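# Remarks on the overall topology
So the chains spell out like this:
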Amino acid sequence: MQLAPLPTSLPYLRPLKTQYMERSEQELVRRENLRRIREMGIEPFPAATFPVTHLATDILEQAEFDDENKATNFGEVTLAGRVMAVRVMGKAAFAGLQDSSGRIQIYVSRDDIAPGEDKALYNDLFKKYLDLGDFIGIKGFVFRTRTGEVSVHVQEFTFLGKALRPLPVVKTDEDGNTYDAFSDPEARYRMRYVDLTVNPQYKEIFRKRSRLITAMRSFLDDLGLMEVETPILQPIHGGAAARPFATHHNTLDVPMYLRIANELYLKRLIVAGFDGVYEFAKMFRNEGMDRTHNPEFTAVEFYVAYKDYNWMMDTCEALLEHAVKSVGENGSTRVTVGDNEIDFKGPYRRLTMADAIMEYTGEDINGADEAELRAICQRLHIHVDKTMGRGKLIDEIFGEKVEGHLIQPTFITDYPVEMSPLTKKHRSKEGLVERFELMVNGKEIANAYSELNDPIDQRERFEEQLKLADRGDDESMPMDEDFLRALEYGMPPTAGIGIGIDRLVMLLTGQKSIQEVLFFPQMKPEA
RNA sequence: GAUUCCUUAGCUCAGUUGGUUAGAGCAUCUCACUUUUAAUGAGAGGGUCCUGGGUUCGAGCCCCAGAGGGAUCACCA
């Protein structure tokens with residue numbers, strides 16, 4: 001039995017290189033300021049709750065003023081956040097206070113915060129020992145400056161937390177031009193806490209992501225489905241065609257895999273007698289990384305008994321329309337992606353794969369055998385190799401010539417059986433299965449089928465997959481005897497779907513890279 | 001995995017044909033300033049030029065290898 005490596009050799013426990021490096025001048029200054037604050041008898045990391053009453057943005061949006069520029073609809077306000085800019089002019093100063101909602105200007109005058117003889121609170125603490133990035137709390141009143149900027153006149157201020165490292169200082173002028181932006185993607189992704197502090201505009205992507213998931217969840221709840229959790233650590237990695245992450249359970253001394261899909265477990269729950277289940281699930285696939293692939297990604301899957309893929313198309317439309325409304329501007333179902341405006345209002349166009357290929361290439365693949373498909377590929381100048389079977393050839397034609405044209409939400413239906421080992425055979429079309437994918441902006445957003453519930457057919461499909469594995473296909477599905485046993489106990493007809501959350505968020509927020517919609521995208525370890 | 005580009009101060013970036021002690025703005029430090037707003041004015045400090053080799057009298061710059069990142073392509077969702 002293999003021994004686990006020593007914990008200190010694990011990359012994530014290795015100290016960052018910067019800990020060994022000499023501290024920069026600015027870091028030394030901040031540590032000295034920290035010491036001075038303690039010397040004044042002030043705790044730079046206080047424990048007590050700070051009673052915030054207002055957010056910056058609420059004041060900026062709602063404040064109304066009298067003739068003396070004092071706010072009429074705000075009394076005493078208490079805010080907390082980071083100091084992001086300071087402009088000291090002798091005995092008075094302006095600063096930018098940034099909280100979770102945005103940034104508001106505060107006005108600090110020496111004799112207001114230090115009314116007695118001792119001016120240390122202003123001269124030392126505020127002017128000298130306060131650094132950009134420090135957390136403070138302020139109490140004061142809302143007013144408008146000579147130049148018209150809504151500000152808070154500070155009467156009391158409280159130190160709430162020291163920043164020992166300098167934040168990048170991003171400045172924006174009155175024309176909206178940004179200077180010294182913290183823009184290096186590597187630094188942004190590795191230090192998302194810095195990124196979202198100095199580039200708060202990116203927070204909106206994650207707020208939309210959160211709203212989208214909340215909306216989908218409430219839709220599925222309203223549909224009567226039950227949210228469930230299924231294993232992430234699995235003894236057999238089933239439910240999709242992908243290479244898994246392998247790990248090992250020490251006590252059981254067995255290999256385990258991080259799930260590449262949760263489909264087979266959700267179907268077991270349909271067997272168990274739940275009429276509808278859903279799961280927002282992290283999936284893990286040990287494959288390439290690029291701007292549309294992260295090793296872990298999120299999908300929502302749901303399975304509903306006594307339904308078929310036609311019902312699922314209707315439901316998918318309704319779900320997406322509802323979800324996009326919750327994220328879009330003013331409840332709109334439309335989003336602008338590059339030069340395209342995409343409308344998620346249903347119904348969406350429904351097109352069989354064969355009809356789609358006919359429409360965009362003029363080639364008829366209905367009833368075409370492998371040799372005829374190869375001839376079509378040659379006419380269309382599509383590169384193929386000998387290992388490709390019928391299903392793969394059709395998939396190539398679709399991927400090369402059709403997919404990219406499908407900008408508005410479009411259901412592509414009726415896939416070749418070879419590509420779909422978990423899907424029920426089509427009720428009337430030989431060689432096809434009852435499957436659809438939803439294409440939006442030229443990319444797949446959802447994948448759904450009438451679920452295969454015939455255990456004998458399912459076993460044959462697994463056996464076909466094993467043959468692929470023997471030929472060297474390392475993405476083929478392994479046999480799952482327990483899943484087959486479950487089906488043998490009987491599963492009702494069921495419709496199931498998986499919707500990729502990350503790509504949907506990318507679409508709805510106009511992001512070209514999946515890294516922009518993940519808080520902590522996977523990166524190589526820092527050197 | 002392939003191709004290609006990038007890596008210089010805390011941040012954003014210059015850096016000529018290979019040539020003295022590597023520069024700028026912001027940030028930092030000192031001083032002045034009670035309604036400023038990319039605050040301003042005066043002065044100062046701050047560098048593993050990604051790493052390791054090599055060529056050369058001399059390398060941030062040229063060559064080789066490596067690391068990390070971006071973009072494009074292939075596979076996957």
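A brief report on the enclosed structure follows. (Residues numbered from 1 in each chain as written. Chains lettered and ligands numbered in written order. Predicted model: local features only at pLDDT ≥ 70, side-chain atom pairs only at ≥ 80, totals over all residues. Heavy atoms only, no water.)

## With respect to the overall build of chain A
In terms of helices and strands, chain A carries 16 helices and 20 strands. Taking the principal axes of its C-alpha atoms as reference, chain A extends roughly 95 × 60 × 50 Å. Buried positions account for 46% of the 527 residues belonging to chain A. For chain A, the exposed area adds up to about 27,700 Å²; of that, 50% sits on carbon and sulfur atoms. When the 65 positive and 86 negative side-chain charges of chain A are each reduced to one mean point, those points stand 5 Å apart. (Helix = DSSP H or I, 4+ residues; strand = E, 2+ residues; numbered from the N terminus. Buried < 20%, exposed > 50% of the residue type's maximum accessible area, 1.4 Å probe, protein only. Areas by Shrake-Rupley, 256 points an atom, 1.4 Å probe, with all protein chains shown as cover. Lys, Arg positive; Asp, Glu negative; His and termini not counted. Charge placed at Lys NZ, Arg CZ, Asp CG, Glu CD.)

## Points about the sheet that holds strand β10 (residues 246-249)
Strand order in the open sheet formed by 3 strands is β9-β11-β10, and the pairing between neighbours is antiparallel. Each of the sheet's edge strands pairs with one partner strand only, and the pair in question is β9 (233-234) and β10. Two elements, β9 and strand β11 (residues 254-258), share 2 bridges in a ladder whose sense is antiparallel. Directly across from Leu 233, in β11, lies its bridge partner Leu 258. (Pairing = 2+ DSSP bridges.)

## Remarks on the pairing of strand β1 (residues 76-89)
Sheet topology note: the β1/strand β4 (residues 135-144) ladder contains 7 bridges and is antiparallel. Considered in β4, the bridge of Gly 81 is made with Ile 136. Of the strand pairs in this sheet, β1 and strand β2 (residues 92-98) are connected by 7 bridges, and their pairing is antiparallel. Pairing of Arg 87 across the sheet is with Phe 94, part of β2.

## So, the pattern of salt bridges
A side chain with one charge may pair with a side chain of the opposite charge, provided their charged atoms come close. All chains considered together, the criterion is met by 46 salt bridges. Note that Glu 32 is salt-bridged to Arg 35, the shortest N-O span being 2.7 Å. You can see Glu 32 and its partner Arg 35 sitting in helix α2 (residues 25-39), 3 residues apart, about one turn around the helix. For Arg 35, a relative accessible area of 41% puts it in the partly exposed group. (Salt bridge = Lys/Arg side-chain N within 4 Å of Asp/Glu carboxyl O.)

## Focus on the protein's contact with RNA strand B
Neighbouring residues of RNA strand B: 53 residues in total, closest Asp 111, Thr 147, Glu 186, His 293 and Arg 503. For RNA strand B, the fraction of atoms within 4 Å of the protein that belong to sugar or phosphate moieties is 52%. The separation between a sugar or linking oxygen of RNA strand B and a polar side-chain atom of Arg 146 is 2.7 Å. Asn 294 places a main-chain nitrogen or oxygen 2.6 Å from a base nitrogen of RNA strand B. Listing elements by their share of the surface near RNA strand B, those giving two or more residues are α2, β1, β2, β3 (103-109), β6 (171-172) and α6 (185-190). Considering every element that reaches the surface near RNA strand B, the biggest residue donor is α6, with 4 residues. (Near = heavy atom within 4 Å. Polar contact = N/O pair within 3.5 Å; in protein donor to acceptor, adjacent residues only side chain to side chain.)

## A short note on helix α5 (residues 120-129)
The set of residues buried in α5 consists of Ala 120, Tyr 122, Leu 125, Phe 126 and Tyr 129. In the core, the buried residues of α5 are packed alongside α2, β1, β2, β3, α4 (110-113) and β5 (150-161). (Contact = heavy atoms within 4.5 Å.)

## Quick notes on the environment of Asn 453
Considering the arrangement of structural elements, one finds Asn 453 in the loop between β19 (443-450) and α14 (455-470). Residue class for Asn 453 comes out buried when judged on its relative accessible area of 16%. Taking the C-alpha atoms as reference points, Asn 453 and Leu 484, 31 residues apart in sequence, are found 9.4 Å from one another. For Asn 453, the residues in contact, after removing those within four places along its chain, are Lys 424, Met 491, Pro 492 and Pro 493. For Asn 453, the side chain forms a polar contact with the main-chain oxygen of Met 491, separated by 2.9 Å.

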